[in-house]
Every structure is written in structure tokens, then in C-alpha cells.
Amino acid sequence: MSRGDELRELASDLSRAAEKARRLGLPTTVYLLSMALVEVREAVAATDDGDDDGAA
């Protein structure tokens, strides 16, 4: 599995976790997971562009 595939899988997991936290009424957890999701999506975009400088 490539790094890009692993990052996309992580983004999917974070998205599901944030949705579950939202349903459970955990706003701080939703916020933290959302911020992590933004970072992972940026890393995916950087990987897709072939630029590892922005990847975390």
C-alpha cells in the first residue's frame, strides 16, 4: 500500500470518527478530529502532486 493510499484510508477513518463524535455530542473531539482531517487531506494533496514538502 502506497503512502497516498494509507493517507486516504486515514482520512476516511478520521471522517467516520468525527461523524460518530458529532452524533455523541462531543464538540471538542469533533473539532480536534476535523483539524487532523484537514492536515491529512493536505498531505494527500501533496502526495498526489508529488510534492512531499507539505506532507506531515
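To start, this report covers the structure provided alongside it. Every value quoted in this text rests on a predicted model; they were computed, and no experiment measured them.

### Points about the overall build of the protein
Looking only at helices and strands, one finds two helices and zero strands in the protein. Within the protein, buried positions represent 25% of all 56 residues. For the protein, restricting intrachain contacts to residue pairs at least 6 apart in sequence, the fraction spanning at least 24 positions comes to 45%. As displayed, the protein has an accessible area near 4,000 Å², and 54% of this comes from carbon and sulfur atoms.

### Some points on the environment of V38
Here V38 lies in helix 2 (residues 27-48). A relative accessible area of 39% places V38 in the partly exposed class. Residues V38 and L14 lie 24 residues apart in sequence; the distance between their C-alpha atoms is 9.8 Å.

### Here we look at a nonpolar patch on the surface
Among the surface-exposed residues, Y31, L32, M35 and V38 lie close enough to one another that they form a single nonpolar patch of about 390 Å² accessible area. Positionally, M35 belongs in helix 2.

### A word on the packing of helix 1 (residues 3-24) against helix 2
Viewed as axis vectors pointing N to C, helix 1 and helix 2 meet at an angle of 160°, and their least axial separation amounts to 9 Å. Relative to helix 2, helix 1 is oriented roughly antiparallel. Our pair here, helix 1 against helix 2, has a crossing hand that is left-handed. Across the interface between the two elements, R3, G4, L7, R8, L10, A11, L14, S15, A17, A18, A21 and R22 from helix 1 touch T29, V30, L33, S34, A36, L37, V40, A43, V44, T47 and D48 from helix 2. Taken together, the residues that form the contact of helix 1 with helix 2 break down as 14 nonpolar, five polar and four charged.

Calculation notes
- Residues numbered from 1 in each chain as written.
- Predicted model: local features only at pLDDT ≥ 70, side-chain atom pairs only at ≥ 80, totals over all residues.
- Heavy atoms only, no water.
- Helix = DSSP H or I, 4+ residues; strand = E, 2+ residues; numbered from the N terminus.
- Buried < 20%, exposed > 50% of the residue type's maximum accessible area, 1.4 Å probe, protein only.
- Contact = heavy atoms within 4.5 Å.
- Areas by Shrake-Rupley, 256 points an atom, 1.4 Å probe, with all protein chains shown as cover.
- Patch = residues over 30% accessible without salt bridge, like charges linked within 9 Å, V, L, I, M, F, W, Y side chains within 5 Å.
- Salt bridge = Lys/Arg side-chain N within 4 Å of Asp/Glu carboxyl O.
- Axes fitted to C-alpha atoms, helices over the stretch in contact; angles between N-to-C directions.
- Parallel < 35°, antiparallel > 145°, perpendicular 65-115°, else oblique.
- Left-handed = near helix turned anticlockwise from the far one by under 90°.
- Nonpolar A, V, L, I, M, F, W, Y, C, P; charged D, E, K, R; others polar.

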